[in-house]
Amino acid sequence: MAAEKVDPVLKDRCKELDLDLDTLKEISRRFLNDVHKGLRKDTHPTAIVKCFVTYVQDLPNGTEKGKFLALDLGGTNFRVLLIELSKDHFEMRSKIYAIPQHIMLGSGEHLFDHIADCLASFMKQEQVMAELLPLGFTFSFPLTQKGLTKGILERWTKGFNCSNCVGNDVVQLLKDAIARRGDIQIKVCAILNDTTGTLMSCAWKNPNCRIGLIVGTGSNACYVEEQKNAELFDDVNNGSGKVVINLEWGAFGDDGALDFIRTDYDRDVDANSVNPGKQLHEKMISGMYIGELTRLALEKFTKEGLLFEGKASDALFTRGKFYTKYVSEIEDAPPGEITSCREILEEMGIYHATDQDCINVRYVCECVSKRAADLASTGIATLLNKMNESKVTVAIDGSVYRYHPHFHDLMMKTISALVNPGITFDLMLSEDGSGRGAALVAAVACRTQQKE
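Caption draft 1: Local environment of the overall build of the protein. What the protein contains, in helices and strands, is 15 helices and 13 strands. Over its C-alpha atoms the protein spans a radius of gyration of 23 Å, differing by no more than 12% from the 22 Å that the globule rule assigns to 452 residues. Taken along its principal axes, the extent of the C-alpha atoms in the protein is 70 × 50 × 40 Å. The burial tally for the protein puts 57% of its 452 residues in the buried class. Charge-centre separation for the protein: the mean point of 52 positive side chains lies 4 Å from the mean point of 63 negative side chains.

Shown next, in the form of structure tokens:
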């Protein structure tokens, strides 16, 4: 079937979601200003984009070798991994363990005892109980790092609320639990978040990697900065002169810097979230919110009579019922092909949609997705221009980037339009960043120590 035209009135109503090049350049200027504030000692306490120092000074160079453990804790499950590295060889074995609800809400001691039990059982299974193994710890909760092996928990998220952890060093909590067991030997070499892990896992294969990006349930980025620009860096320079900075860019706009592009849909999503007024940049980009932003637009256009003859189902008018995966599935069909859109609308209880409705629904999905990709791309282009290196690879992970059919192409186009002449870049999908990356941070730390 030939692609019909989008309803012109609906198209006009979607214009507020379309960010032109001048708008993106203004967002870039504001973001760069916030990055500078986060890096400076005098402005860091009040900075919105925190630019936390990770203390990771070196990226993998391919010479790392040996056996390494990784622990990846970021939700209701966690993974333990054993990784063996040599020059061109990479072998990984892993196991997923659940964290029961009573442990997620119990004491910190119980949580870390449970993790240590699972570590011991994994090491026994892999027959490495007798070896002293270096471990990298991916901990995807808000941390203030005081060194490569010291991270103070700021607050729990994702349904956790273990006592006696906030304000404490989670590496020490893990070490204490291992010591209480007394039957395994582990040397915790590094603690990191999933963004840093994404960068490290790609850098092992690609020496041009300088930026890590997550576009999944949430969104964040990290990049390689000169130590002299990171005024809060207070460690010994081990020779690289560089350090990885965890931007925590989800909070960009929490001070009003993005108010000039926010829509009623954004304000509605924020007001009904668990953290109103916080993570406003993330709420325009990430998978946790794309579906709901789309639903709000569809609801509004239905009530205005622009869709479904003004009548829809309870599901379309119910928060959280239009999933982000629907957006990807609708956009995955060839232009003009409306079967999957019709199936999704029927799943939502809308059986009277016309072909024109399906074309209009797809257009709304495209507008929300493109804006998300444009905002992520603007942040990345800002970092590329700031670093001003001739060739940079951006390591990316997360469900939105991985599964949305056009996200990669949308990002390539927008970054190309914003990046300074003479800078070439590419986007690389990270394979298992948070697990593999943690082991690689441990491997690099060991390599550096041996050199010293």
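Caption draft 2: Highlighting the pattern of salt bridges. Counted according to the given criterion, the structure contains 33 salt bridges. We note a salt bridge from Arg93 to Glu126, for which the minimum N-O separation is 2.6 Å. Taken together, the residues Arg93 in strand 4 (residues 89–98) and Glu126 in the loop between helix 4 (108–125) and strand 5 (133–139) connect sequence positions 33 residues apart. The salt bridge partner of Lys311 is Glu309, with a shortest N-O separation of 3.6 Å. Connected via shared salt-bridge partners are Asp268, Glu292, Arg295, Glu299, Lys303 and Arg319.

Caption draft 3: Broad picture of the packing of helix 9 (residues 287–303) against helix 12 (residues 355–387). Viewed as axis vectors pointing N to C, helix 9 and helix 12 meet at an angle of 140 degrees, and their least axial separation amounts to 10 Å. In terms of their interaxial angle, helix 9 and helix 12 are classed as oblique. The two elements helix 9 and helix 12 meet at a crossing, and its hand is right-handed. For the pair helix 9 and helix 12, contact is made by Ile290, Leu293, Thr294, Ala297, Leu298 and Phe301 and by Val361, Val364, Cys365, Val368, Arg371 and Ala372, respectively. A breakdown of the residues in the contact of helix 9 with helix 12 according to their chemical character gives 10 nonpolar, 1 polar and 1 charged.

Caption draft 4: Up close: the sheet that holds strand 11 (residues 242–246). Ordered by their spatial adjacency, 6 strands build an open sheet running 1-11-10-9-12-13, and the pairing between neighbours is mixed. Of all the strands in the sheet, just strand 1 (52–53) and strand 13 (424–429) have a single pairing partner and so form its edges. The pairing of strand 1 with strand 11 spans 2 bridges and is antiparallel. Each residue of the ladder has a partner; that of Val53, found in strand 11, is Ile245. Sheet strands touched by helix 6 (residues 194–203): strand 9 (209–215), strand 10 (219–226), strand 11, strand 12 (391–397) and strand 13. Its angle to strand 9, the strand with the most contacts, is close to 135 degrees.

Caption draft 5: Just the packing of aromatic side chains, in detail. With the rule as written, the count across this model stands at 13 aromatic pairs. Residues Phe139 and Phe141 carry aromatic rings whose centres are separated by 5.1 Å and whose planes lie at 55 degrees to one another, so their mutual orientation is tilted. Ring geometry for Phe141 against Phe160: centres 5.2 Å apart, planes inclined by 70 degrees, an arrangement best described as edge-to-face. Here Phe141, found in the loop between strand 5 and strand 6 (143–147), pairs with Phe160, found in the loop between strand 7 (150–153) and helix 5 (170–181); they are 19 residues apart in sequence, far enough to count as distant. In terms of burial, Phe141 and Phe160 fall into one category: buried.

Caption draft 6: The arrangement of empty space enclosed by the protein in detail. One pass over the structure, following the stated rule, counts 1 cavity of 30 Å³ or more. By volume, the largest cavity amounts to about 30 Å³. In terms of lining, the largest cavity is formed by Ile27, Phe31, Phe252, His281, Leu375, Thr378 and Gly379. Going through the elements one at a time, helix 2 (21–39) and helix 12 are the ones with two or more residues in the lining of the largest cavity. The element that contributes the greatest number of residues to the lining of the largest cavity is helix 12, accounting for 3 residues. In the lining of the largest cavity, the residues fall into 4 nonpolar, 3 polar and no charged.

Caption draft 7: Region of interest: the nonpolar core. Leu247 and Met411 are the most contacted members of the largest nonpolar core, which has 85 residues in total. If you tally residues by element for this core, the top one is helix 12, at 17 residues. With residues near it in sequence (within four places) discarded, Leu247 still touches Phe31, Val35, Val49, Lys50, Cys51, Asn220, Ala221, Cys222, Tyr223 and Leu383. Counting residues in each nonpolar core, the second largest holds 41 residues, with Leu73, Leu135, Val171 and Leu173 among its members.

Caption draft 8: Quick peek at helix 11 (residues 339–347). Among the residues of helix 11, Cys341, Ile344 and Leu345 are the ones counted as buried. Down the axis of helix 11, the smallest arc covering the buried residues is 100 degrees, so these residues share one side. Tucked inside the fold, the buried residues of helix 11 contact helix 10 (324–332) and helix 12. Looking at the residues trailing helix 11, positive phi occurs at Gly349, about 85 degrees.

Caption draft 9: Spatial organisation of the sheet that holds strand 8 (residues 186–192). Reading across the sheet, the 5 strands line up as 4-3-2-5-8 and stay open at both edges, with mixed pairing between neighbours. Only two strands of the sheet have a single neighbouring strand rather than two, namely strand 4 and strand 8. On average, each strand axis in the sheet is inclined to that of its neighbour by 20 degrees, with strand direction left out of account. Alignment of strand 2 (residues 66–73) against strand 3 (residues 77–86), held across 8 bridges, turns out to be antiparallel. When the bridges of strand 3 are listed, Asp72 appears paired with Arg79. Lying on the sheet, helix 5 is in contact with strand 2, strand 5 and strand 8; it crosses strand 8 at an angle near 160 degrees.

The rules behind each value
- Residues numbered from 1 in each chain as written.
- Predicted model: local features only at pLDDT ≥ 70, side-chain atom pairs only at ≥ 80, totals over all residues.
- Heavy atoms only, no water.
- Helix = DSSP H or I, 4+ residues; strand = E, 2+ residues; numbered from the N terminus.
- Rg over C-alpha atoms; globule rule 2.2 N^0.38 Å.
- Buried < 20%, exposed > 50% of the residue type's maximum accessible area, 1.4 Å probe, protein only.
- Lys, Arg positive; Asp, Glu negative; His and termini not counted.
- Charge placed at Lys NZ, Arg CZ, Asp CG, Glu CD.
- Salt bridge = Lys/Arg side-chain N within 4 Å of Asp/Glu carboxyl O.
- Axes fitted to C-alpha atoms, helices over the stretch in contact; angles between N-to-C directions.
- Parallel < 35°, antiparallel > 145°, perpendicular 65-115°, else oblique.
- Left-handed = near helix turned anticlockwise from the far one by under 90°.
- Contact = heavy atoms within 4.5 Å.
- Nonpolar A, V, L, I, M, F, W, Y, C, P; charged D, E, K, R; others polar.
- Pairing = 2+ DSSP bridges.
- Phe/Tyr/Trp six-rings, centres within 6.5 Å; stacked < 30°, edge-to-face > 60°.
- 1 Å grid on protein atoms, 1.4 Å probe; cavity = no way out; pocket = protein on both sides within 12 Å on 5 of 7 lines; lining within 4 Å.
- Points joined across faces, edges and corners; volume = space filled by probe spheres on them.
- Core = buried A, V, L, I, M, F, W, Y, C linked by side-chain atoms within 4.5 Å.
- Arc of directions from axis to C-beta.

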